[in-house]
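Here is what each chain is made of, one letter per residue.
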Amino acid sequence: MRFTKLKTFVVLLSLVYLAFLTTSCNLNDVLSQLESPANETSTEESTLFVHFADVHLADDQEVSEIFSGTIPPVETVQKAVNEALSYDPDVLIQTGDIVALADSKDLDTGEKWFQMAKQYIKDPVVDNGVPFLYAPGNHDRAGIKLDNVDITDPRYDNGLIFKYIDTDKEKSYYSYSEDNYLFIMLDPEEIPETGYRAVRLPEEQLDWLKTELEANKDKFIIISYHQPLGSWTEDSYSSFMDTIKPYKDDIILVAGHTHDNRVIYRDGIPEYQDGAICGDWWQTGKTPDGNPMGYAIYYIKDKKVHRFYKGIDKDKQINLLSPDDVVISGEVNAEFNVYYKDKEVDSVCYKIDNSPQGCFNLEKIETPQITWYHATGTIKALNIDDNLHKISVIVKTKTGEEYQKDIVCKFSDEKIMPISEIINDENFTNFYGRFVTVDAVVTAVMYSGNLLTLQDDTGSIVVWAGDCHHPEFQVGDKVKLRGQVTQFKGTKELKLVSSDDVEIYGHEDLENQVVELENIKQAYEQYDSLENKIVKTSGVITAVFGNLVFIQDDTQGIALWLGEITAPELYPGQVVTVQGGLSQYKGMVEIVPLNDEDLKITGEATVPEPKVISLAEIDQNYGTLVKVENLQITSISSSKIVVTDGDNSITIYCGKAGFDPSSFLNVGDNISVTGVVGYYYSPQIYPRSVDDIIKL
């Protein structure tokens with residue numbers, strides 16, 4: 001549309017200038033001719049807009065502590081904004097989680113992040129004359145997950161949103177019209193009783209939406225929101241779909257939240273879920289589905305939608321759209337988006353195991369400021385041998401440049417893949433972001449039914465099902481499940497993206513499969529064979545940090561995560577027997593009970609004396625109450641201390657106990673520390689209170 005407007009404006013100036021130069025021409029005649037149908041521009045109606053999904057903006061210095069991130073957020077966001085503006089978009093949409101974690105941090109921290117979002121994202125966009133449209137994300141509502149927050153503070157909840165982002169708005173949902181296009185921004189509300197995983201669209205917004213759609217039924221409509229429809233309640237989903245179906249030929253849906261890049265058709269209406277600016281929370285530089293950190297470019301012309309997911313700072317890309325399953329057989333459809341900055345692509349072809357096979361059809365998608373190519377055709381997997389094969393997609397430009405992307409597929413008529421084959425390190429890397437199907441038994445159900453552990457005869461894997469509607473899973477269910485190969489903070493997992501991709505076809509009793517540990521140390525020594533199995537053990541409580549509890553026997557200690565059950569009041573010295581899934585969270589081995597009856601208080605005992613160790617012995621004492629002496633502080637913050645004994649270093653994390661070590665300690669101080677040995681991407685010691693740190 002900007003191109004059309006510019007062309008019309010130039011024509012207008014030319015005609016006005018011609019009127020002044022031509023004495024026989026009256027200016028009013030020129031203007032009246034310009035307004036007549038015969039003089040309407042022949043440029044076809046189009047629009048180009050950019051979508052930024054989840055940003056999770058924090059400053060470059062704190063991203064490591066917040067997300068264990070390694071990518072600088074501010075620097076990366078500035079690159080993304082500059083790239084987006086270079087396309088001269090008609091609109092820039094941001095669908096929430098614009099800041100790091102305002103929902104669970106204090107209001108001062110949240111305000112700092114919103115100030116940054118305004119400075120680095122909104123202001124540069126608006127200052128360049130581009131409308132900035134925003135839909136709130138679940139992490140943008142300041143302080144709503146804090147227990148000790150002042151709810152009368154004007155910054156609470158959506159206060160910071162209106163102060164820094166939607167400064168000219170009275171409501172968090174609204175519409176914006178740009179010629180023949182209507183942009184609608186919605187704000188579904190989270191439901192606390194679902195663990196903030198499900199959302200619903202309030203009746204007020206639904207009624208407003210009906211009015212907006214009816215009043216603009218002659219326009220092409222883009223509806224944007226944060227959580228995809230798979231996270232909406234059944235009632236909200238049905239009401240929303242009933243509302244938009246009459247306009248299905250002239251409507252698209254745009255969402256974020258999952259950090260993944262995909263499209264799901266809902267009753268024939270495309271819902272585009274675009275990859276995140278922050279990727280996997282600034283950790284690896286890629287999204288959970290294996291794409292680079294980036295954003296989506298939409299070019300709509302004569303109701304045809306062209307979409308390209310652009311990696312930040314990437315000059316060339318091959319985006320695989322299909323086949324997205326690892327296992328293929330016969331002749332399968334293939335589809336790619338191809339980009340090579342400032343180069344004209346001549347061909348896109350493929351090889352199988354380095355043997356040339358054929359080329360794809362190529363469609364050039366040319367916008368005023370960026371060009372990419374849409375390649376379509378088929379891949380012939382004719383040698384069905386149940387083995388892995390390398391498919392190389394090769395792009396050649398008209399000036400001779402060449403680059404390729406390799407895809408590993410299994411040529412087989414059997415769609416079911418053994419879990420051991422998926423979690424193999426090399427295979428996991430090669431399959432990342434694509435889909436596999438497993439036939440397995442549910443051995444654990446957590447996080448309000450959204451996190452599963454599946455096990456077959458060869459191994460086990462975690463499944464995240466929280467981004468779509470799904471059956472109510474029970475331990476013992478036999479399932480066939482198609483999931484996307486991904487990872488979350490170092491844990492290999494599958495992601496269920498559609499209820500159509502899972503079938504519960506039977507059930508078996510797993511009670512007789514509980515492994516009763518001889519002692520706690522066995523959980524560590526035999527972890528590889530016990531991972532994700534149900535184990536049972538006993539010990540005395542040594543530390544309580546909310547839902548994170550540590551117990552210990554004569555051999556070692558271990559963490560219990562009690563977030564899946566309603567636990568009784570616990571304190572150090574109680575003896576408990578626990579049964580639950582054995583797993584790792586960010587590297588820390590823990591037992592996760594799944595039912596209230598899986599945790600029983602059986603008595604009381606003396607809390608074990610801290611075991612005196614050196615930092616060199618940390619790896620042999622995970623979960624154990626220890627004491628380490630003669631340490632020197634090398635750095636300190638409000639929540640943690642980094643110390644050294646001259647040879648080794650470790651983080652003393654005080655945030656779990658809720659005190660600020662910088663209020664009484666300084667860099668250079670010598671201390672002794674008592675606490676339990678934990679793990680958060682690296683070993684840490686968790687003091688139980690301020691009394692566990694002694695200044696020497």
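Every chain is numbered on its own, with residues counted from 1 as its sequence reads. In view of the model being predicted, local features appear only for residues whose pLDDT reaches at least 70, and side-chain atom pairs are presented and counted only at 80 or more, with totals across whole chains, interfaces and linings using the full set of residues. As a rule here, side-chain values come from all non-hydrogen atoms in the structure, and water together with hydrogens is ignored.

A. Local environment of the confidence of the model for the protein. Scored by pLDDT, the protein comes out at a mean of 91, with 93% of its residues at no less than 70. Across residues 2-43, where pLDDT falls below 50, the model places 29 contacts with residues more than four positions away in sequence or in other chains. You can read pLDDT as the predictor saying how much it trusts each residue, on a scale of 0 to 100. Should any heavy atoms of two residues lie within 4.5 Å, those residues are counted as being in contact.

B. Region of the structure containing the pattern of salt bridges. For salt bridges, the criterion is a side-chain nitrogen of Lys or Arg within 4 Å of an Asp or Glu carboxyl oxygen. Applying the stated criterion across every chain, the model contains 38 salt bridges. With its nearest N and O atoms 3.1 Å apart, the salt bridge here joins arginine 155 to aspartate 153. As far as the burial class goes, arginine 155 and aspartate 153 line up, both buried. For aspartate 425, the salt bridge goes to lysine 492, with nearest N and O atoms at 2.5 Å. You can see aspartate 425 sitting in helix α10 (residues 425-431) and its partner lysine 492 sitting in strand β27 (residues 491-495), a full 67 residues away along the chain. By relative accessible area, which is 56% here, aspartate 425 ends up exposed. Relative accessibility under 20% of the residue-type maximum defines a buried residue, over 50% an exposed one, and the middle range a partly exposed one, all with a 1.4 Å probe and only protein chains included. Under the relative-accessibility criterion, lysine 492 is labelled partly exposed at 25%. Through salt bridges with shared partners, a single network forms among Asp108, Glu111, Asp153, Arg155 and Lys163. Secondary structure elements follow DSSP: runs of H or I of four or more residues count as helices, runs of E of two or more count as strands, with numbering from the N terminus.

C. Representation of the state of the cysteines. Two cysteine sulfur atoms make up a disulfide if the distance between them is within 2.5 Å. As enumerated under the stated definition, the model contains one disulfide in all. Each sulfur of the disulfide joining cysteine 349 and cysteine 359 lies 1.9 Å from the other. In this structure, the disulfide formed by cysteine 349 and cysteine 359 twists by about 85 degrees around the S-S bond and is classed as right-handed. Taken as a pair, cysteine 349 in strand β17 (residues 345-352) and cysteine 359 in strand β18 (residues 355-359) lie far apart in primary sequence, ten residues in all. Judged by relative accessible area, cysteine 349 falls into the buried class, the value being 16%. With relative accessibility at 54%, the residue cysteine 359 sits in the exposed group.

D. View of the side chain of aspartate 140. Mapped onto the elements, aspartate 140 comes out in the loop between β3 (132-134) and α6 (159-164). Of the buried charged residues, aspartate 140 lacks a salt bridge, with arginine 141 as the closest side chain of opposite charge at 8.2 Å. For aspartate 140, the side chain forms a polar contact with the main-chain nitrogen of isoleucine 98, separated by 3.1 Å. Among the polar contacts made by the side chain of aspartate 140, one reaches the main-chain amide nitrogen of valine 99 at a distance of 3.4 Å. If we skip the residues at most four places from it in the chain, aspartate 140 touches Gly96, Asp97, Ile98, Val99, Ala102, Phe114, Tyr134, Asp157 and Ile161. Within this scheme the basic residues Lys and Arg register as positive and the acidic residues Asp and Glu register as negative, but His and the chain ends are omitted. The definition of a polar contact used here is a pair of N or O atoms within 3.5 Å, where within protein one atom must be able to donate a hydrogen and the other to accept one, and adjacent residues in sequence count solely through side-chain atom pairs.

E. Quick peek at the environment of glycine 275. If you trace the backbone, glycine 275 turns up in the loop between β11 (269-273) and β12 (294-301). Sequence-wise, glycine 275 and glutamine 455 are 180 residues apart; in three dimensions their C-alpha atoms are separated by 30 Å.

F. Focus on the pairing of strand β31 (residues 548-552). The buried count for β31 comes to five of five residues, which makes it a mostly enclosed element. Burial along β31 is two-sided: the face carrying Leu548, Phe550 and Gln552 and the face carrying Val549 and Ile551 are both buried. Here, strands pair whenever DSSP counts at least two bridges between them. Bridge count for strand β30 (residues 534-545) against β31 is five bridges, and the pairing is antiparallel. From the neighbouring strand, phenylalanine 545 faces β31, where its bridge partner is leucine 548. In this structure, the hairpin formed by β30 and β31 is closed by a connection of two residues, where glycine 546 is found at a positive phi of approximately 65 degrees. Summarising the sheet, β31 and strand β32 (residues 557-561) pair through five bridges and their orientation is antiparallel. Of the residues in β32, the one forming a bridge with valine 549 is leucine 560. Here β31 folds back onto β32 in antiparallel fashion, the turn holding four residues.

G. A look at the packing of helix α7 (residues 203-215) against helix α8 (residues 234-244). Close contact between α7 and α8 brings their axes to 10 Å; oriented N to C, the two are set at 10 degrees. Classified by the angle their axes make, α7 and α8 are roughly parallel. Residues Leu206, Leu209, Lys210 and Leu213 of α7 pack against Ser239, Phe240, Thr243 and Ile244 of α8. Among the residues forming the contact of α7 with α8, the class breakdown is five nonpolar, two polar and one charged. Comment: axis = line fitted to C-alpha atoms, over the contacting stretch for helices; angle = value between 0 and 180 degrees taken between N-to-C directions. Relative orientations are named as follows: roughly parallel for angles under 35 degrees, roughly antiparallel for angles over 145 degrees, roughly perpendicular for angles from 65 to 115 degrees, and oblique for any other angle. Following the grouping adopted for this structure description, the nonpolar residues are Ala, Val, Leu, Ile, Met, Phe, Trp, Tyr, Cys and Pro, the charged ones are Asp, Glu, Lys and Arg, and the polar ones are all others, Gly among them.

H. Representation of the side chain of aspartate 598 in the model. Looking at where aspartate 598 falls in the secondary structure, it is placed in the loop between β34 (588-592) and β35 (599-604). For the buried residue aspartate 598, which engages in no salt bridge, the nearest side chain bearing the opposite charge is lysine 600, 7.5 Å off. A polar contact of 3.3 Å, which involves the side chain of aspartate 598, links it to the backbone nitrogen of leucine 594. The contacts of aspartate 598, once residues within four sequence positions are left out, are Thr577, Val578, Gln579 and Pro593.

I. A look at the sheet that holds β3. The five strands are arranged β3-β2-β1-β12-β13 in an open sheet whose pairing can be described as mixed. Edge positions in the open sheet fall to β3 and β13 (304-311), since each of these has one partner strand only. With direction set aside, neighbouring strand axes in the sheet form an average angle of 25 degrees. In this sheet, β3 lies alongside strand β2 (residues 91-94) in parallel orientation, the contact comprising three bridges.

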